[in-house]
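# Structure at a glance
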Protein chains: 2
Amino acid sequence: MNAEIIAVGSELLLGQIVNTNAQFLSQQLAALGINVYFQTVVGDNAGRLEQAVKTAQTRANLIIFTGGLGPTKDDVTKETIARLLGRRLVIDEEALRAIEAYFARANRPMTDNNKKQALVLEGATVLKNENGMAPGMALTVAGITYMLLPGPPKEMRPMFTRYGIPFLRAAFPLSGRIESRVLRFFGIGEAALETALADLIDAQSNPTIAPLAGDGEVTLRLTAKHRDAAEAQRLLDEAEAAILARVGRYCYGYDDETLFTKTSERLKERGWTIAAAESLTGGLFLEQLTAVPGASRIVQGGVVCYTNGVKQQVLGVPRPLLETDGAVSESCARVLAENVRSLCGADVGISLTGVAGPDPLEGHPPGTVYIGIAMRERGTAVRRLTLSGTRGDIRIRAAKYGCFLLLELLAADR
Amino acid sequence: MNAEIIAVGSELLLGQIVNTNAQFLSQQLAALGINVYFQTVVGDNAGRLEQAVKTAQTRANLIIFTGGLGPTKDDVTKETIARLLGRRLVIDEEALRAIEAYFARANRPMTDNNKKQALVLEGATVLKNENGMAPGMALTVAGITYMLLPGPPKEMRPMFTRYGIPFLRAAFPLSGRIESRVLRFFGIGEAALETALADLIDAQSNPTIAPLAGDGEVTLRLTAKHRDAAEAQRLLDEAEAAILARVGRYCYGYDDETLFTKTSERLKERGWTIAAAESLTGGLFLEQLTAVPGASRIVQGGVVCYTNGVKQQVLGVPRPLLETDGAVSESCARVLAENVRSLCGADVGISLTGVAGPDPLEGHPPGTVYIGIAMRERGTAVRRLTLSGTRGDIRIRAAKYGCFLLLELLAADR
């Protein structure tokens, strides 16, 4: 099984966007034990796409396309492959109904060129698009499998995971498994993590241990290779145990978990609700927490108290406190956490106040942050942090620290 | 001038990293007026790299490589190209001294394989590496120019900018300049936009008009090519005028502008402040608005009223209203907008209430959204929307519609 990924889109050749689709598909195919030997990017141009397909046909028996399935004239992927394979394009009725329903829901007139999105290669297995209009498709001709996926990642990723992978598993005898597991860390830097694990990382072979830093977090991707999936998992368990014995306190979750989904889970387990008073994060903490489905069971709401006026009028912070200690202070964080908890009638009140930058505030440099956490019948804890990075970095790190500190308190409270 | 970018590295084919080098080089080449028709990624494998080079030689007269210049055995780029071109690899003394100095500074013994990094193609122009050890190089053979750059972006980017671009400018008559401009649209779909502009897009040649959809927005990238930059700009102005004459009401900005930066600008112009009551968006609207630097001049704050309890206790929505009309209603949106404005003492109060999904609420399907906008001395407007997409789509689209509607009202109020 040699695969080639062909991304179609002039926006990629102009450098307007980066080719994250190729990365995602490469990771997925590696996990299936399918080798990817080439990634190609070609523009919205039928002639050059045809060249790229002919080249791929000489070196791959699985060709996965992303992009060019849309309604516009410069979407040429289906048409080009149909011509190359001598296949007709036929309307997929289910896809057409879905597209019509989409416009009906949106109260928008459906223009004729949208019908084009319901065209599929005759004889292909249609891959349903649950997050957009253009369906995907897959078919095997003369020993080569062609899979066409949409370009937008939020359509392509779930389509490949839900429908593309099962198609591949059915179509090919996929032996030799690669199992991987991601450990997620917060509150420790990449260099410090690598130092703590240096000998383990040096000695790595199976599983491999790959650190990756981003958004103030560090992940370790453990990848084990074994013909037997259970054995591969056992290798991952061993490596994980050795890692957690050293840096376990910084590990908050696995794979796609986030600090916000973990916080949401822990609160649900207790049947607790939360409210937030956000100054420097401007709503980011609650936005992230309410982005988790089922948030209504734990999130009461909160106040974005960006100005001192709102801190006083809505959250009852005494003016003298603001005048003496300032908004960026332990005492302000304490009052904000306690008052937002009672104002919203929640079990937990959390406050985030500080300096996102770029300019200093009340004489404090950007990155100075106070987080207060008030818990029903357990009093209030306040932590001072010094965060680094851009305005955006500081905001998201502060919000994540809010989760991290709350998770620590909840764990200690068991 | 047709260029192809070949990134060499198995880590790309495994999806361990995303190919940001291709994006960076594509942007740079576009700005130089050099067309990029293909991007290719190949692993650290001499045989397959040779295939990729042979393919590129048939379709490009500039081939830029990134990666594979390092000290280890799996770095094969130089060796493979030397073999293909029948060139010897020779030590570049300056590069060798730099490598030796590098190890001296680091107080580390220099292992022999590091000498390999000082090898360059005989007769090539050496491109100095000021941020690492392996030098780059460029040479033209039989009408095709080969440029080899290191893989790490922090080495490759400055090397290309400082030494690669001057080499290209000297090697080629880069007459044609490419100027591009992005028009940003909201409230109209990609297909509808293209239908409205079909004849313009069909007739396009210079400038080209490329639609791209994402995050509920559509952009049109106009790209004009002309030896004279001012003339290229004039061509862009003409095309823009023709486009805006038809769909101008949906166009809110240019290039990197967003609905939130525009909203921030317009409010600053009037010296107005804003407060928000967010139900379904859970803080997203204020988070996005406060992410714009200087937000403190316009954002007072607001209330995330995720539950009816908070709508009543904090924002004074009468319980009877919630019992009869419900939280997803015009009347609730009206009260929320007016009360959050007065509570926070702002000039504008905006409310977002509705159903993000995945489940219906109060009998309304996901995507049902009411946005209220209360303006000082101008009364309150409420708009009902039906949005489509995932929970995340609906939330961000609702927040963006909040900006779009406010911008409409502010424009009408001039």
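All values reported here derive from a predicted model rather than from experimental measurement.

Conventions we followed
Residues numbered from 1 in each chain as written. Chains lettered and ligands numbered in written order. Predicted model: local features only at pLDDT ≥ 70, side-chain atom pairs only at ≥ 80, totals over all residues. Heavy atoms only, no water. Helix = DSSP H or I, 4+ residues; strand = E, 2+ residues; numbered from the N terminus. Buried < 20%, exposed > 50% of the residue type's maximum accessible area, 1.4 Å probe, protein only. Contact = heavy atoms within 4.5 Å. Areas by Shrake-Rupley, 256 points an atom, 1.4 Å probe, with all protein chains shown as cover. Lys, Arg positive; Asp, Glu negative; His and termini not counted. Charge placed at Lys NZ, Arg CZ, Asp CG, Glu CD. pLDDT = per-residue confidence, 0-100. Polar contact = N/O pair within 3.5 Å; in protein donor to acceptor, adjacent residues only side chain to side chain. Buried area = accessible area lost by both parts, 1.4 Å probe. Salt bridge = Lys/Arg side-chain N within 4 Å of Asp/Glu carboxyl O. UniProt positions renumbered as here; feature names shortened; annotations may be inferred. Expected span 1.5 Å × (residues − 1). Arc of directions from axis to C-beta. Pairing = 2+ DSSP bridges. Axes fitted to C-alpha atoms, helices over the stretch in contact; angles between N-to-C directions. Domains from an automatic or database assignment. Disulfide = S-S within 2.5 Å. Core = buried A, V, L, I, M, F, W, Y, C linked by side-chain atoms within 4.5 Å.

So, about the overall build of chain A. Within chain A, the regular secondary structure consists of 15 helices and 17 strands. With respect to the three principal axes, the spread of C-alpha positions in chain A is 80 × 60 × 40 Å. In chain A, buried positions account for 55% of the 414 residues. For chain A, long-range pairs separated by at least 24 residues make up 66% of all intrachain contacts whose partners lie at least 6 apart in sequence. Within the structure as shown, chain A displays about 16200 Å² of accessible surface, and the carbon and sulfur contribution to it stands at 50%. Side chains of chain A give 45 positive and 45 negative charges; the mean places of these two sets differ by 3 Å.

Residue and element names in this part refer to chain A. With an omega of 5 degrees, the peptide bond between Asn-206 and Pro-207 qualifies as cis. One can find Pro-207 in the loop between α8 (198–203) and β10 (208–214). In this chain, Gly-357 is followed by Pro-358 through a cis amide linkage whose omega measures 5 degrees. For Ala-142, which is not glycine, the phi dihedral falls at a positive 50 degrees. Counting through the fold element by element, Ala-142 comes out in the loop between β7 (136–141) and β8 (144–149).

This paragraph deals with the confidence of the model for chain A. When pLDDT is averaged along chain A, the result is 92, and 99% of the positions lie at 70 or above. For this predicted complex, the interface confidence reaches an ipTM of 0.76, while the overall pTM sits at 0.76.

This next bit is on the environment of A:Leu62. Position of A:Leu62 relative to the elements: it lies in strand β3 (residues 62–66). As a C-alpha pair, A:Leu62 and A:Leu12 span 50 residues in sequence and 22 Å in three-dimensional space.

All right, on to the environment of A:Glu362 then. All names here are of chain A. Residue placement: Glu-362 occurs in the loop between β15 (348–354) and β16 (368–375). Assessed through its relative accessible area of 38%, Glu-362 is described here as partly exposed. Taking the C-alpha atoms as reference points, Glu-362 and Gly-326, 36 residues apart in sequence, are found 7.0 Å from one another. Leaving out residues up to four positions away in the same chain, Glu-362 has contacts with Asn-308, Gly-326, Ala-327 and Val-328. Among the polar contacts listed, one links the side chain of Glu-362 to the backbone nitrogen of Ala-327, at a separation of 2.9 Å.

Turning next to the interface of chain B and chain A. With 69 residues of chain B in contact, the opposing surface of chain A contributes 68 residues. Carbon and sulfur atoms supply 56% of the area that chain B and chain A bury against each other, a total of about 5800 Å² over both sides. Inspection of the chain B/chain A interface yields four salt bridges. A salt bridge links B:Asp393 to A:Lys154; the shortest N-O distance between them is 3.8 Å. Taken together, chain B and chain A are joined by 27 residue pairs in polar contact (both at pLDDT 80 or more).

A few words now on the UniProt feature "domain: MoaB/Mog" (unreviewed entry) in chain A. Taken from the UniProt record, the annotation "domain: MoaB/Mog" (unreviewed entry) applies to residues 4–170 of chain A. Secondary structure across residues 4–170 of chain A comprises 41% helix and 23% strand; the distance between its end C-alpha atoms is 19 Å.

Before going further, it helps to spend a moment on helix α5 (residues 93–106) of chain A. Between the first and last C-alpha of α5(A) there are 20 Å, a value that for 14 residues agrees with the 20 Å anticipated at 1.5 Å per step. Within α5(A) the residues assigned to the buried category are A:Ala95, A:Leu96, A:Ile99, A:Tyr102, A:Phe103 and A:Ala106. Take α5(A) and look down its axis: the buried residues cluster within an arc of 120 degrees, on one side only. Set apart from the buried face of α5(A) by more than 90 degrees, the exposed residues are A:Arg97 and A:Ala104. Buried residues along α5(A) sit in contact with β4 (89–91) of chain A together with β17 (379–386) and α15 (391–412) of chain B.

Where charged atoms from two side chains of opposite charge approach closely, those side chains can pair. Residue and element names in this part refer to chain A. Applying the stated criterion across every chain, the model contains 52 salt bridges over all chains. The closest approach of N and O atoms between Lys-400 and Glu-217, which form a salt bridge, is 2.7 Å. With Lys-400 in helix α15 (residues 391–412) and Glu-217 in strand β11 (residues 217–226), this pair connects stretches of sequence that are 183 residues apart. Through salt bridges with shared partners, a single network forms among Glu-50, Lys-54 and Arg-83.

This next bit is on the sheet that holds β3(A). With mixed pairing, 12 strands are arranged side by side in an open sheet as β6(A)-β7(A)-β8(A)-β3(A)-β1(A)-β2(A)-β2(B)-β1(B)-β3(B)-β8(B)-β7(B)-β6(B). Each edge of the open sheet carries a strand with a single partner, namely β6 (125–127) of chain A together with β6 (125–127) of chain B. Taken pair by pair, the neighbouring strands of this sheet meet at an average axis angle of 15 degrees, ignoring direction. As defined by bridge partners, strand β1 (residues 2–8) of chain A adjoins β3(A) across five bridges and the pair is classed as parallel. Bridged to A:Ala3 within β3(A) is A:Leu62.

A few words on the pairing of strand β15 (residues 348–354) of chain B. Residue and element names in this part refer to chain B. Most of β15 is tucked away, with seven of its seven residues classed as buried. The side-chain alternation of β15 yields two buried faces, one formed by Val-348, Ile-350, Leu-352 and Gly-354 and the other by Gly-349, Ser-351 and Thr-353. Pairing geometry for β15 and strand β16 (residues 368–375), over seven bridges, is antiparallel. Within β16, the residue paired with Gly-349 across the bridge is Ala-374.

Turning next to the domain arrangement of chain A. Size of an interface: often given as the accessible area lost when the parts come together. Segmenting chain A into domains produces domain 1 (2–171), domain 2 (177–254) and domain 3 (259–412). A C-alpha centroid distance of 33 Å is found between domain 1 of chain A and domain 2 of chain A.

Strand order in the open sheet formed by 10 strands is β17(A)-β16(A)-β15(A)-β13(A)-β14(A)-β14(B)-β13(B)-β15(B)-β16(B)-β17(B), with mixed pairing between adjacent strands. In this open sheet, the two strands that pair with only one neighbour each are β17 (379–386) of chain A together with β17 of chain B. On average, each strand axis in the sheet is inclined to that of its neighbour by 15 degrees, with strand direction left out of account. In this fold α15(B) packs onto β13 (274–278), β15, β16 and β17 of chain B, with an angle of close to 35 degrees to the strand it touches most, β16(B).

Of the positions making up helix α4 (residues 77–85) of chain B, those classed as buried are B:Thr77, B:Lys78, B:Thr80, B:Ile81, B:Ala82 and B:Leu85. B:Gly86 lies just past α4(B) and shows a positive phi near 65 degrees.

The next point concerns the side chain of A:Arg391. Locating A:Arg391 in the fold gives a position in helix α15. Although buried, A:Arg391 forms no salt bridge, and the nearest oppositely charged side chain, A:Asp359, lies 7.5 Å from it. Other than its neighbours up to four places away in sequence, A:Arg391 contacts A:Tyr306, A:Ala356, A:Gly357, A:Pro358, B:Thr290, B:Ala291, B:Val292, B:Pro293 and B:Ala295.

To continue, consider the state of the cysteines. Linking two cysteines covalently through their sulfur atoms gives a disulfide. Summed over the entire model, instances satisfying the criterion amount to zero disulfides over all chains. A:Cys403 provides the cysteine sulfur closest to A:Cys251, a residue in no disulfide bond, and the two sulfurs are 15 Å apart.

One broad rule of soluble globular proteins: the nonpolar side chains tend to lie buried together. Counting residues in each nonpolar core, the largest one holds 80 residues, and the members touching the most others are A:Ile274, A:Phe285, A:Ile371, B:Ile274, B:Phe285 and B:Ile371. Leave out the neighbours within four places in its chain, and A:Ile274 touches A:Leu267, A:Phe285, A:Leu289, A:Ile298, A:Val299, A:Gln300, A:Gly301, A:Ala346, A:Val348, A:Ile350 and A:Leu406. A:Val303, A:Val340, A:Ala346 and B:Ala277 belong to the second largest nonpolar core, which has 34 residues in total.

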